[in-house]
Amino acid sequence: MVLLHVLFEHAAGYALFAVKEVEEIGMLLPQVEASVLSLGKFNSMVSLAAFFPFKSAQAALENMNAISEGVVHADLKLFLETNLPQSGKKKSVLGVSDGKIGAALQEELSSSIQTGGVVAEITRGLRLHFHSLVKGLTALAASKAQLGLGHSYSRAKVKFNVNRVDNMIIQSIALLDQLDKDINTFSMRVREWYGYHFPELIKIVSDNSMYCRLAQLIGNRKELSEENLESLEEVVMDSAKAQAILDASRSSMGMDISPIDLINIERFSSRVVSLAAYRLELQEYLRSKMSQVAPNLAALIGEVVGARLISHAGSLTNLAKYPASTVQILGAEKALFRALKTRGNTPKYGLIFHSTFIGRAAAKNKGRISRYLANKCTIASRIDCFSELPTSVFGDKLREQVEERLSFYETGDVPRKNVDVMKEALKEATDVAAEIKRKLEKKEKKRKKREKKLQELGENGDANGDAEVENGEEDNTLKKKKKKKQAAEEMEAQAEEAPSGENGEETSAKKKKKRKAESEEAPDAEDGAEETETPAKKKKRKTDAMDTQPEETPETPVTEKKKKKKKKDAAE
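All values derive from a computational prediction rather than experimental measurement.

### Let's talk about the overall build of the protein chain
No. 1: Helix and strand content of the protein chain: 26 helices and five strands.
No. 2: Burial status across the protein chain gives 33% buried among its 572 residues.
No. 3: Taking the contacts inside the protein chain whose residues are at least 6 apart along the sequence as the reference set, 66% of them involve residues at least 24 apart.
No. 4: Of the roughly 36200 Å² that the protein chain leaves accessible, carbon and sulfur atoms contribute 54%.

Okay, here's the thing in structure tokens:
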């Protein structure tokens, strides 16, 4: 009797189900398929043996990543070792839905593994009725767990996708090819359209983008004169051609064109010129991307051909996995299968034909150099794919090897051995890698220093701001006290001046003298306070002093006369 247990992986956790009457189920497969849909019949066939819920969403994601890669996680191994019966009269068989994880479990555990057949039908039923078979788990909770795990799994796959940079290269090379086709088509349209008015220009200028720029510049050929010769030379970059265009415009056999047609031709030609300019920018972007992603492949075979190889393979990783024989005919699949079908000669090269090496080789050596070049391209792509720091040292050395092989085919000069070249490349690569690391460390140190300075400046700025606020408050309080003192002194002076008579006048003169003395002593006593005073206040003080002086001058003779009278009275 066989005891079958089925492992079911859910977003909530691992579950182990015991299946009853395995022989009968195996014999009656169509009935099993029908009974899976009803929960009552399915519950009579399957019972929950054990359930291991995941502790957190992170643990669930880790287990899911392990299962998708065909690796047995520690949690799964512990769960099966604890709950799966190892010995007994009945032979224990573990049913797993995925063959990849089944093979990994068979290596880890001693029990036999079964996939497909009855297990697939049981798994289908478990997927449908899982929330009903596990106590405490509702359909809503199960769907939420599945949704959350699905989002985190997809996010992790996108985040750690090794092909994510390759996608930019694939899209840009596809756009570059499309732009080439479109610019060519549009340029032919401009040639046909403007050719009705100025047919001689087609023979003089062969370049498409230059023709469009000239059509935009010339416009009506009848208005072209000696004044436009300089601008024509700027576009054509040849004085003889510019003069030929000017002469042809004078004796052209083209038809006259209306202004509205001319405006439309100029607009269309300006669009074609802008597309050509954008194509150059895109090519520069592709060059920079290739130098970051696959510098060795770009150095060996060129940016455009390297990008086409990556695009055709699907990613840099796929290209690195290909053997050299596949890389050699990559892009010539139709010719290969046609040759196999008709039993003809198979193609010698595919996309790598666009490199300069095959064009430079003689006809008899084209196949040999393409095979050698494909070998070097495979090495370069593998170095680019699996190296940590991207450098173009190996690409340059591999290019030198291909050059040496070409000269060997032509002149017979024996090239260097691959071992010696790779030793040199390794030495240079380590030096370059050390230099790159040193630069990165320097940048990191500078960034940290800058951050520290900014933090210190921020802290100092807050402290200075608080100190300034306190100083400002102190200055305001001092000014207020001064104003209060001055107001009180003025009030006293007015009160003393009010009573008439000699005694009053004498006392007022004394008071004024005292006030003058206090005002002279005040700067010595309050140095810090007076420093803050503005020149406007000093001017005010001077004016007050000037006002007080004329008041004092007339009083002095009166007081002297009174003193003389007093002396006379005393003598009498």
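### Some thoughts on the environment of Val 235
No. 1: Mapping Val 235 onto the fold places it in helix 12 (residues 229-236).
No. 2: On a C-alpha basis, the gap between Val 235 and Met 210 in space is 7.0 Å, while along the polypeptide they are 25 residues apart.
No. 3: Discounting residues that sit within four places of it in the chain, Val 235 has contacts with Met 210, Arg 213, Leu 214 and Leu 217.

### A short note on helix 12
No. 1: Those residues of helix 12 not exposed but buried are Leu 229, Leu 232, Val 235 and Val 236. Seen from one end, helix 12 has its buried residues packed into an arc of 120°, which puts them on one side. When the buried face of helix 12 is taken as reference, the exposed residues oriented beyond 90 degrees from it are Glu 230 and Glu 234.
No. 2: Where the residues of helix 12 are buried, they touch helix 11 (208-218) and helix 13 (239-250).
No. 3: The first or second residue beyond helix 12 is Met 237, which carries a positive phi of 60°.

### Quick notes on the packing of aromatic side chains
No. 1: Going through the model one piece at a time under the given rule, you end up with twelve aromatic pairs.
No. 2: A centroid spacing of 6.3 Å and a plane angle of 50° characterise the contact between Trp 193 and Phe 268, whose relative ring orientation is tilted. Taken together, the positions of Trp 193 in helix 9 (residues 166-195) and Phe 268 in helix 14 (residues 259-293) put the pair 75 residues apart, joining distant regions of the chain.
No. 3: By relative accessible area, which is 33% here, Trp 193 ends up partly exposed.
No. 4: Taking the ring centre of Tyr 211 as reference, the NZ or CZ of Arg 191 above it sits at 4.8 Å.

### Examining the pairing of strand 2 (residues 13-19)
No. 1: Burial analysis of strand 2 places seven of its seven residues in the buried class, which makes it a mostly covered element.
No. 2: Across seven bridges, the pairing between strand 2 and strand 3 (residues 46-53) is antiparallel. Bridge pairing links Phe 17 to Leu 48 in strand 3.

### Remarks on unusual backbone geometry
No. 1: Despite not being glycine, Met 237 has its phi angle at roughly 60°, a positive value.
No. 2: Inspection of the secondary structure assignment puts Met 237 in the loop between helix 12 and helix 13.
No. 3: The phi torsion at Arg 343 lies on the positive side, around 60°, for a residue other than glycine.
No. 4: Among the secondary structure elements, Arg 343 is positioned in the loop between helix 19 (333-342) and helix 20 (356-360).

Conventions adopted
Residues numbered from 1 in each chain as written. Predicted model: local features only at pLDDT ≥ 70, side-chain atom pairs only at ≥ 80, totals over all residues. Heavy atoms only, no water. Helix = DSSP H or I, 4+ residues; strand = E, 2+ residues; numbered from the N terminus. Buried < 20%, exposed > 50% of the residue type's maximum accessible area, 1.4 Å probe, protein only. Contact = heavy atoms within 4.5 Å. Areas by Shrake-Rupley, 256 points an atom, 1.4 Å probe, with all protein chains shown as cover. Arc of directions from axis to C-beta. Phe/Tyr/Trp six-rings, centres within 6.5 Å; stacked < 30°, edge-to-face > 60°. Lys NZ or Arg CZ within 6 Å of the ring centre and 35° of its normal. Pairing = 2+ DSSP bridges.

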